[in-house]
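Chain by chain, the residues:
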Amino acid sequence: MYAQMVETGVKQVKDRADMDAQEAAFMQQIDAEDKIEPQSWMPDAYRKTLVRQISQHAHSEIIGMQPEGNWLTRAPTLKRKLQLAAKIQDECGHGLYLYSAAETLGTSRAQMLDDLHTGKAKYSSIFNYPTLSWADIGAVGWLVDGAAIVNQVMLQRTSYGPYARAMVRICKEESFHQRQGYELLLTMMQQGTQAQKDMVQDSINRLWWPSLMMFGPTDDESPNSAQSMAWKIKRKGNDEIRQQFIDQTIPQLEVLGCTVPDPDLKWNEETGHYDYGTIDWAEFFAVIKGNGPCNKQRLARKVQAHENGAWVREAAIAYADKQANIKSQQSNTNKVA
Amino acid sequence: MSDCYATQGHDSLNQYILHLADNPLVLGQRLCELCTHAPILEEETALMNTSLDLFGQARNWLDYAVARNPQLGDCDALAMGRDERHFLNLLLCEQGNGNFADTMARQYLFDVWHRLTLQALCLSQDSQIAAIAAKSIKEVDYHEQRSRNWVIRLGDGTQQSHDYMQSAINELWSYSDELFVQGDDELQLVAQGIAANQSSIEVQWRATVSQTMAEATLTLPTDCFQKFGGKQGEHSEPFGLMLAEMQSLYRAHPGAVW
């Protein structure tokens, strides 16, 4: 999940009886599964929640380029280099697409980026973990994109139209990334040397729990989650989609011939789901608060690129202004003539 | 160096194909070093996209070199297994990224040459060379359009961007004459209608670049010291470091399947 713990600004879900006519009509539209569009009336809290969620999602796509870019210069074959470059380019495209969706709610990309750079806005906790081997590139595709897809498939039905439509397109590319990541790992496990196989297992050991944390804390502890569900921004609870992810991932893990670092993981005949161990939420909250392995370096890199590029952006604007002036002078001359 | 290649099964045509492969390979590698460093997100995708195109082109050329000489192994053995003295790219392609003006000036000077060379190669007597050139040129047309726009935008933007772009052109001009140097082996391929004739390309390149510089309010350096050697495998010191990074994983696991 690329958006975690999105603040809704409410302490408890508002009762229908307390709503005025406008808000009640809005909720009826939500209930009827009619999409909310940019020009629609919406409660301020709904608008703000969406801006927080969509921009957090966009920031995650952009910051997520860093751990992948870490191996781009070292990809072991041209085929893998092409795949990784294409994937990173896709992620950047998703970021752009999502910033545009958020802009339809009245917040500029510049403002959203400023919020990221100053630490006001967050991005997914997962991207604060390092990519320490080439196998991590496969594991990120398989597990991280895999976890994101479970969430994003749900978001294709989210109540805000531009966000839902962005998800349809993004899901297609993310599914491709996930299969590509899995194929990378499968190749290393089935045709690789022992060193390569060890690399894959080590990668899963490090990334398994952080991937499960991507879905956010358990629903019981989140009033934001309940409000987002009432607005149908979220369609399923954190625990439900986490379980769905585990259930679909473990059979794939078995085909790889790998294990996950969870002694409590086992199939439960009664529930029809996998049971799993307790997630270390202390680690999750530490990462969210800025104390993950790479928080500082990820943000510093982003800020540095932005600051180093200031003169380029200024030049582009200056040039565009000059061109606009020339055009307007020409147009005036034509009018006089 | 050419003797060394001969013992490895490289005839003069394969040398030429490797030269065509190494230019996009090396420039593509320089561009992917810039991942997440772009001044604006749209340029992040453009840099990655250009890098991606160039790697794809390099792979097509390398595959052809291997098809002609299967003993070379595969495209990865050529990209990741050769030492720096065996790379035949133009020195321009390996120059460091510098600031965004340096990156775009390098890109533009190369893109014009690349487009003109590929245009000529579309008419090559070697049908596979003509086919790869025809496939590549669609991408390179776009590369040139973008880099030209940036040279003009930065040249005629603010005083600061103008100074950066002028300084970039001044520095990179030292690698311009090498674009058009052809040894005896390559000239023989030109005579056979296989390789591009760089003397006619040079005229078009200088005219095109001059026009862009004028539009960008930039001046072309005169009396600039010229450097040569890339096509003979004599590269800069930073080039070895760039290759060391690019080849590190491949070489750490000899024979591994990825």
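Criteria and thresholds
- Every chain is numbered on its own, with residues counted from 1 as its sequence reads.
- Throughout, the order in which chains and ligands are written sets their labels, letters from A for the former and numbers from 1 for the latter.
- In keeping with the predicted nature of the model, local features appear solely for residues at pLDDT of at least 70, side-chain atom pairs appear and are counted solely at 80 or more, and the whole-chain, interface and lining totals rest on all residues.
- Excluded from the side-chain calculations are hydrogens and water; all other atoms, namely the structure's heavy atoms, are used.
- Working definition: helices are DSSP H or I runs of at least four residues, strands are E runs of at least two. Numbering for both runs from the N terminus.
- The globule rule is 2.2 Å times the number of residues to the power 0.38, and the radius of gyration it is compared with is taken over C-alpha atoms.
- For every residue, the accessible area (1.4 Å probe, protein chains only) is compared with the maximum for its type, and the residue is labelled buried under 20%, exposed over 50%, or partly exposed between those bounds.
- Whether two residues are in contact is decided by their heavy atoms, any of which lying within 4.5 Å being enough.
- Accessible area that two parts lose when put together, with a 1.4 Å probe and added across both, is what the buried area reports.
- When a carboxyl oxygen of Asp or Glu lies within 4 Å of a side-chain nitrogen of Lys or Arg, that pair is called a salt bridge.
- Ten residues, namely Ala, Val, Leu, Ile, Met, Phe, Trp, Tyr, Cys and Pro, are considered nonpolar, four, namely Asp, Glu, Lys and Arg, are considered charged, and the remaining ones, Gly among them, are considered polar.
- Only the stretch in contact is used when a helix axis is fitted, and all axes are lines through C-alpha atoms; the angle between N-to-C directions ranges over 0 to 180 degrees.
- Relative orientations are named as follows: roughly parallel for angles under 35 degrees, roughly antiparallel for angles over 145 degrees, roughly perpendicular for angles from 65 to 115 degrees, and oblique for any other angle.
- The hand of a helix crossing depends on one turn: near helix anticlockwise from the far one by less than a right angle means left-handed, and clockwise means right-handed.
- Only protein atoms enter the 1 Å grid used here, on which a cavity is any set of points holding a 1.4 Å probe that cannot leave and a pocket is any open set flanked by protein within 12 Å on both sides along at least five of seven lines; residues with an atom within 4 Å of a point are listed as lining.
- Grid points are joined across faces, edges and corners, and a volume is the space filled by probe spheres set on the points.
- We call a set of buried Ala, Val, Leu, Ile, Met, Phe, Trp, Tyr and Cys residues a nonpolar core when their side-chain atoms join them within 4.5 Å.

What follows deals with the overall build of chain A. Helix and strand counts for chain A come out as 13 helices and two strands. The C-alpha atoms of chain A give a radius of gyration of 22 Å, which matches the 20 Å a tight globule of 337 residues would have. Its C-alpha atoms give chain A principal-axis dimensions of about 80 × 60 × 35 Å. Across the 337 residues in chain A, those meeting the buried criterion constitute 56%.

Here we take up the interface of chain A and chain B. The partner chain B presents 47 residues to the 46 residues of chain A that form the contact. Across the interface of chain A and chain B, roughly 4100 Å² is buried in total on both sides, 71% from carbon and sulfur atoms. On the chain A side of the interface with chain B, the three residues burying the most area are T73, L78 and W311 of chain A, jointly 18% of the side's total. The partner of E42 of chain B in a salt bridge is R109 of chain A, with the nearest N and O atoms 2.5 Å apart. Of all the elements in the fold, those that place two or more residues in the side of chain A that touches chain B are helix 3 (65–69), helix 4 (78–103), helix 7 (161–191), helix 8 (194–213), helix 12 (295–308) and helix 13 (310–336) of chain A. The greatest single-element share of the side of chain A that touches chain B, amounting to 13 residues, is contributed by helix 4 of chain A. Residues that form the side of chain A that touches chain B fall into these classes: 25 nonpolar, 12 polar and nine charged.

Before going further, it helps to examine the packing of helix 7 of chain A against helix 8 of chain A. All names here are of chain A. Between helix 7 and helix 8, the shortest axis-to-axis distance is 8 Å and the interhelical angle comes to 140°. Overall, the two elements helix 7 and helix 8 adopt an arrangement that is oblique. In terms of crossing hand, the pair formed by helix 7 and helix 8 is left-handed. Note on element contacts: helix 8 touches helix 7 through Q196, K197, M199 and V200, opposite L185, M188 and M189.

Looking at where S228 of chain A falls in the secondary structure, it is placed in helix 9 (residues 223–230). Beyond its immediate stretch of four places on either side in the chain, S228 of chain A contacts T8, T49, I233 and K234 of chain A.

The subject of this paragraph is the layout of surface pockets. Residues and elements named next belong to chain A. The space that makes up the largest pocket amounts to roughly 450 Å³. Around the largest pocket sit 21 residues that line it, and V51, R52, S55, K120 and A121 are the ones nearest its centre. Of all the elements in the fold, those that place two or more residues in the lining of the largest pocket are helix 2 (44–63) and helix 5 (109–117). With seven residues, the single largest contributor to the lining of the largest pocket is helix 2. Of the residues in the lining of the largest pocket, the class split is eight nonpolar, six polar and seven charged.

Looking now at unusual backbone geometry. Residues and elements named next belong to chain B. The residue T36 is not glycine, and still its phi comes out positive at about 75°. As for its placement among the helices and strands, T36 is situated in the loop between helix 2 (12–32) and helix 3 (41–68). What makes T36 buried here is its relative accessible area of 9%. At D223, a residue that is not glycine, the phi angle is positive and equals roughly 55°. Position of D223 among the secondary structure elements: in the loop between helix 10 (198–215) and helix 11 (237–252).

Let's shift gears to the nonpolar core. Y46 and W134 of chain A together with W205 of chain B are the most contacted members of the largest nonpolar core, which totals 176 residues. With sequence-adjacent residues up to four places away left out, W205 of chain B is seen in contact with L109, V112, W113, L116, W173, S176, L179 and F180 of chain B.

Turning next to the environment of Q111 of chain A. Looking at the element boundaries, Q111 of chain A is found in helix 5. Put simply, Q111 of chain A and P293 of chain A are 182 residues apart on the chain and 27 Å apart in space, counted from C-alpha to C-alpha.

Before going further, it helps to examine the packing of helix 6 (residues 135–155) of chain A against helix 7 of chain A. All names here are of chain A. Contact geometry for helix 6 and helix 7: axes closest at 7 Å, N-to-C directions at 150°. Put simply, helix 6 runs roughly antiparallel to helix 7. Relative to helix 7, the crossing made by helix 6 is left-handed. Residues belonging to the contact of helix 6 with helix 7 are distributed by class as follows: 16 nonpolar, eight polar and two charged.

Time to look at empty space enclosed by the protein. Residue and element names in this part refer to chain A. For the structure on display, the rule yields five cavities of 30 Å³ or more. Its volume calculated, the largest cavity comes out at about 90 Å³. Considering the residues around the largest cavity, the lining is formed by R80, Q83, L84, K87, W134, I137, G141, H177, Q180, G181 and L184. For the lining of the largest cavity, the elements supplying multiple residues, two or more each, are helix 4, helix 6 and helix 7.

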